[in-house]
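# Fold and geometry: a report
Below, each chain spelled out in residue letters.
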Amino acid sequence: MLKIKNYVKAESLEQAYELNQKKSTCILGGMLWLKMSSRSFQTAVDLSGLGLDQIEETEEEFSIGAMVTLRQMEKHEGLNRFSDNAAAESVKSIVGVQFRNLATVGGSIFGRFGFSDVLTFFLALDTYVELYHGGIIPLEQFAKQPYDRDILIRLIVKKTKADCVYLSYRNTKTDFPVVTCAISSLDGKGCAVIGARPGRAQRTELPDAWREMITQEEGREKLAEQTAARMTFGSNMRASAQYREQLAKVLLKRGLKQFAEERSGN
């Protein structure tokens, strides 16, 4: 059972940050994972009054507030147009619409959960996080850091010329993913991200010749093998490490094929 003694609706980021420096304090996101835990907190801090629930688009970037819901992300026309609909694809299998109406992007990213579709997707783009104390840093750097008491303000997705494909595999519909996979081209440079390993998502760059390799079945298979070999996999109740590695190769191969077909107009 989750027990909270004091509830505070933050009036400023400064107030939220100061309160959060105590280990007995927690920051409330959508409260969907937190409420299932058996923990006690002296103070719970609500960020919902700080205007962090909007996706703003400019010519250079998307600014995604920490309190933006997964449903907002799923339905945002600009973000989906920019990502070839990979934004919606990455969250559509997360439980159900009611859940996605509450779960927040900030909660998913700050939690850096191993099962996070959201982290996998944003790692494939030119993404940064803005922290109250830590400032603006690349999401890839943030994803590797240990947990701390900072406050996540927003995600920043630069409008680097991008193409993107997202895939995942689940044992049953709406369950946690067994493996997640995102492939993208950023100004022509390819990268692949594998998540639910079951550790935090990992990103790796594709070789310079990747576009030539994916035009043929043999090349796609070789590239998928090489990419999966650079990842590490573990076992849990959903799958063994060996099974995850095989699934990752399959998803990478499918994603590379989809990438090649869509970009060739077939």
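As a reminder, the structure under discussion sits directly above these lines.
Residues numbered from 1 in each chain as written. Predicted model: local features only at pLDDT ≥ 70, side-chain atom pairs only at ≥ 80, totals over all residues. Heavy atoms only, no water.

### Digging into the pattern of salt bridges
The line we're drawing: Any carboxyl oxygen of Asp or Glu within 4 Å of a side-chain nitrogen of Lys or Arg constitutes a salt bridge here. Three exposure classes are used, based on accessible area relative to the maximum for each residue type with a 1.4 Å probe and protein chains only: buried under 20%, partly exposed in between, and exposed over 50%.
Taken as a whole, this structure holds 15 salt bridges when the rule is applied. Across the pair E89 and K92 runs a salt bridge whose closest N-O atoms are separated by 3.1 Å. Overall, the relative accessible area of 31% leaves E89 in the partly exposed class. Residue K92 is classed as partly exposed on the basis of its relative accessible area, which comes to 44%. For the salt bridge of E221 with K253, the shortest nitrogen-to-oxygen distance reads 3.5 Å.

### Examining helix α1 (residues 13-20)
Because an α-helix packs 3.6 residues into every turn, residues spaced three or four apart end up facing the same way. Quick note on the threshold: Counting from the N terminus, the helices are DSSP H or I runs at least four residues long and the strands are E runs at least two residues long. The directions from the helix axis to the C-beta atoms form the arc being described. We call two residues in contact whenever any of their non-hydrogen atoms come within 4.5 Å of each other.
Those residues of α1 lying buried are L13, A16, Y17 and N20. Relative to the axis of α1, the buried residues are bounded by an arc of 100° and lie together on one face. Contact partners of the buried residues in α1: β2 (25-28), β3 (40-46) and β8 (152-158).

### Topic: the sheet that holds strand β11 (residues 189-195)
Strand pairing in a sheet takes place through backbone hydrogen bonds and is either antiparallel or parallel in direction. Condition: When DSSP finds two or more bridges between a pair of strands, those strands are recorded as paired. Axes here mean lines fitted to C-alpha atoms, for a helix over just the part in contact, with angles spanning 0 to 180 degrees between N-to-C directions.
If you trace the four strands from one edge of the open sheet to the other, you get β9-β10-β11-β12, paired in antiparallel fashion. Strands with a single pairing partner mark the edges of an open sheet, and in this sheet they are β9 (162-170) and β12 (202-205). Strand-to-strand, the axes of this sheet are offset by a mean angle of 15°, without reference to chain direction. One ladder, built from four bridges, connects β11 with β12; its direction is antiparallel. Pairing of A192 across the sheet is with T204, part of β12.

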